[in-house]
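Structural description and commentary
Spelled out, the chains give:
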Amino acid sequence: MRFLELKLPPVALFILVFIASYFSAHQLSAGMVLLPYKFIVLGLGIALSGVVGLAGIWEFRKQKTTVNPIKIETASSVVDSGIFGYTRNPMYLGLFILLFCFGYFFQNLFSVLFSFVFVVYMNQFQIKPEERALEQLFGAEYVDYKQKVRRWI
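Quick caveat: nothing in here was measured; it's all calculated off a predicted structure.

1. Structural notes on helix α4 (residues 109–138)
Its 30 residues place the ends of α4 41 Å apart at the C-alpha level, agreeing with the 44 Å of an ideal helix rising 1.5 Å per residue. Considering bend angle alone, the principal kink of α4 is centred on N123 and spans about 45°. Structurally, the start of α4 carries an N-cap: the backbone nitrogen of F110 is 2.8 Å from a side-chain oxygen of N108. Just downstream of α4 lies G139, where phi reads positive at about 60°.

Written out as structure tokens, the structure reads:
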């Protein structure tokens, strides 16, 4: 299934998973649950995902390297400062947080599970190929970084 690697931009996948989550919440009543504080969780999730995602973009911009997840070969440096000292994929983490909190807000277990489908897909078809490309580009510097910082959190 390597043909799927780096083909679907993460934001497009986010939109597809969000739509699936929304429709499952409205069509699959079997997954409905009553979870407390849904507005608070959604609000905090939006804020947290924004901070995490934008912090990643900010660090890429400071280092003057690309944020384009499809054209990894244009990366000019290993970014390990700021939020990248805690997670190797802050923008993807931000998208996951947002999907999870919307699933929670929809009060549907299937919607929440779709956020984890996002993680599985991203690991297999986006992050692993990115990591291979970055290892080829930056060698030991990137391997050292991978050993110090976790993929998600």
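The discussion continues.
2. Points about the packing of α4 against helix α5 (residues 140–148)
Remark: α4 packs on α5, axes separated minimally by 6 Å, with the N-to-C direction vectors making an angle of 135°. Comparing the axis directions of α4 and α5 gives the class oblique. When α4 is examined against α5, the residues E131, L134, E135 and F138 are found in contact with a partner set consisting of A140, E141, Y142, V143 and K146. In terms of residue class, the contact of α4 with α5 is made up of 5 nonpolar, no polar and 4 charged.

3. Side note on the packing of aromatic side chains
Here the structure, examined in full by the defined rule, presents 14 aromatic pairs. Here the aromatic rings of Y22 and F23 are separated by 5.5 Å at their centres, their planes lie at 85°, and the arrangement is edge-to-face. The class of Y22 is partly exposed, set by a relative accessible area of 35%. A network of ring pairs unites the aromatic residues F14, F18, Y22, F23, F39, F102, F105 and F106 as a single cluster. Directly above the aromatic system of F105 lies the positively charged group of K38, at a separation of 4.8 Å from the ring centroid.

The rules behind these values
- Residues numbered from 1 in each chain as written.
- Predicted model: local features only at pLDDT ≥ 70, side-chain atom pairs only at ≥ 80, totals over all residues.
- Heavy atoms only, no water.
- Helix = DSSP H or I, 4+ residues; strand = E, 2+ residues; numbered from the N terminus.
- Expected span 1.5 Å × (residues − 1).
- Bend = angle between axes of the 7 residues up to and from the residue.
- Polar contact = N/O pair within 3.5 Å; in protein donor to acceptor, adjacent residues only side chain to side chain.
- Axes fitted to C-alpha atoms, helices over the stretch in contact; angles between N-to-C directions.
- Parallel < 35°, antiparallel > 145°, perpendicular 65-115°, else oblique.
- Contact = heavy atoms within 4.5 Å.
- Nonpolar A, V, L, I, M, F, W, Y, C, P; charged D, E, K, R; others polar.
- Phe/Tyr/Trp six-rings, centres within 6.5 Å; stacked < 30°, edge-to-face > 60°.
- Buried < 20%, exposed > 50% of the residue type's maximum accessible area, 1.4 Å probe, protein only.
- Lys NZ or Arg CZ within 6 Å of the ring centre and 35° of its normal.

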